[in-house]
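# Survey of secondary and tertiary structure
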Amino acid sequence: MTQAPAPKLYRHAHPLKLELGGELPRLEIAYHTYGKLNSAKSNVVWVCHALTANSDVADWWPHTVETGCFLDPERWFVVCANILGSHYGTTGPLSVNPSTGIPYYGTFPALTIRDMVAAHRLLASHLGIDRIHALVGSSVGGFQTIEWAVTEPERFNRLVLIATAAKASPWTIAIDETQRMAIEADATYGQPRADAGMAGLAAARAIGLLTYRGGAGYNITQQDLPEQENSIIDRSARRACTYQQYQGEKLCRRYNAYSYVTILNAFDTHDVGRNRGGLSAALARLSMPVMTIGLTTDMIFTTSEMRALAEMIPGATYDEIDSEFGHDGFLVEHRKLNRLLTSFI
């Protein structure tokens, strides 16, 4: 197995003012690129990542950054930036606050999706990219995609919106709040250390997974072994139980509770119609080809909501992927995504 490439790092020379009134006096953005930028700078495909992913698209989105796939590095110059507040190299809660000399932890300023997009715009300018052929985002990555496109519609030739929304719904905010409650119930959360709130983070991840996969996905992948069918199974031996425990522990090994809460909070601010005359007026700015894709068993962004989103965007098309893996289907169904997106992009 080849080792994943290290991210590149852009250090912005000026403070970044944030939408809710805070400021980041020092801004670093971690990012990955794949392929080569052509002489006309016309082959850029920019990917916006979801909640706990990083900028290494080839790592978290298998079989997409490959020859013949929709992020083919032999054809496209693929860019992905780690989002503000994240754990993977971009300025976040574990970064050192230059005014104190110690990490921010719980004092990290509140972010919005628009702040994340502001960082993407700074990086694009640094890279000399004025025009982006295709902007692609799923889930929270889709939030960034649609926000950026509404902010600068002239910058993009086309958009891909997968399992996402133009505004955070009460249902998605409730999912976030339930996860925050789990983290805040951990008595260590709020302490000035990187491993604060880890038990709460594990519980939050387990809660989140229920909504990412849904009942169909769990019932396919987490059945107990056939030889256990006629016996009472101890909780510690049940696959569904051990899976939840494992996934919570796995996230704690690679992430931190402060970043998780920061991004959940930013998620809940998402509304492309804010201060733009509402959703319809904001989405009317999008005149480029737009493909929206729903997943049949997604309980976070349902197919009816994805159809409604497509209907609100002038000239958008809607397609659907039949998947038993819920919201996480966008990570699993790469063959179906490649069939839809290779020609569209």
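Whatever comes next refers back to the structure up there.
Summarised in this report is the structure supplied together with it. Here the structure is a predicted model, which is why all the values come from computation and not from measurement.

Attention now moves to the overall build of the protein chain. Tallying secondary structure elements over the protein chain gives eleven helices and twelve strands in all. By the compact-globule yardstick of 20 Å for 345 residues, the protein chain fits well, its C-alpha radius of gyration being 20 Å. By its C-alpha atoms, the protein chain is 65 × 50 × 45 Å across when sized along the principal axes. When each of the 345 residues of the protein chain is scored for burial, the buried share is 54%.

The next subject is the layout of surface pockets. Of the pockets and cavities examined, the largest pocket occupies roughly 860 Å³. In this structure, the largest pocket is lined by 33 residues; those nearest its centre are Thr52, Arg205, Arg254, Asp328 and Leu331. If you list the elements that add at least two residues to the lining of the largest pocket, you get α1 (57-60), α4 (170-184), α5 (198-221), α6 (239-254), α7 (257-268) and α10 (329-332). Looking at the lining of the largest pocket element by element, the count peaks at five residues for α6.

Quick look at the pattern of salt bridges now. Counted by the stated rule, this structure contains 14 salt bridges. Between Glu23 and Lys17 there is a salt bridge, and its shortest N-O distance comes to 2.9 Å. Look at Lys17 and you get exposed, because its relative accessible area is 64%. Between Arg155 and Glu152 there is a salt bridge, with the nearest N and O atoms lying 2.9 Å from each other. The same class applies to Arg155 and to Glu152, which are both buried. When salt bridges with common partners are traced through the structure, they connect Glu19, Arg114, Glu147, Arg274 and Arg276 into a single cluster.

Its identity as a non-glycine residue notwithstanding, Lys41 has a phi of 55°, on the positive side. As for its placement among the helices and strands, Lys41 is situated in the loop between β4 (27-34) and β5 (44-48). Lys41 sits in the partly exposed class, given a relative accessible area of 38%.

The strand order β1-β4-β6-β5-β9-β10-β11-β12 describes an open sheet built from eight strands, whose pairing is mixed. Two strands lie at the open edges of the sheet, namely β1 (8-12) and β12 (317-321), each paired on one side alone. For this sheet, the mean inter-axis angle between neighbouring strands, taken without regard to orientation, is 25°. The sheet contact formed by β4 and strand β6 (residues 77-81) spans four bridges and is antiparallel. If you follow His32 over to β6, its bridge partner there is Cys80.

This brings us to the side chain of Asp115. Following the sequence through the fold, Asp115 ends up in helix α2 (residues 113-126). Put simply, Asp115 is tucked away with no salt bridge, and the nearest opposite charge, on Arg274, sits 7.8 Å away. Dropping the residues within four chain positions of it, Asp115 is found in contact with Lys17, Leu18, Glu19, Leu84 and Ala110.

Below, the discussion takes up the pairing of strand β9 (residues 132-138). Sheet faces and side chains relate simply in a regular strand, where the side chains alternate between the two faces. With respect to burial, β9 is a largely interior element, seven of its seven residues being buried. Of the strand pairs in this sheet, β5 and β9 are connected by four bridges, and their pairing is parallel. The residue of β9 that forms the bridge with Trp46 is Leu135. Bridging between β9 and strand β10 (residues 156-162) involves six bridges; their strand directions are parallel. Looking across to β10, one finds that Ala134 is bridged to Arg158.

Rules and cut-offs
Residues numbered from 1 in each chain as written. Predicted model: local features only at pLDDT ≥ 70, side-chain atom pairs only at ≥ 80, totals over all residues. Heavy atoms only, no water. Helix = DSSP H or I, 4+ residues; strand = E, 2+ residues; numbered from the N terminus. Rg over C-alpha atoms; globule rule 2.2 N^0.38 Å. Buried < 20%, exposed > 50% of the residue type's maximum accessible area, 1.4 Å probe, protein only. 1 Å grid on protein atoms, 1.4 Å probe; cavity = no way out; pocket = protein on both sides within 12 Å on 5 of 7 lines; lining within 4 Å. Points joined across faces, edges and corners; volume = space filled by probe spheres on them. Salt bridge = Lys/Arg side-chain N within 4 Å of Asp/Glu carboxyl O. Pairing = 2+ DSSP bridges. Axes fitted to C-alpha atoms, helices over the stretch in contact; angles between N-to-C directions. Lys, Arg positive; Asp, Glu negative; His and termini not counted. Contact = heavy atoms within 4.5 Å.

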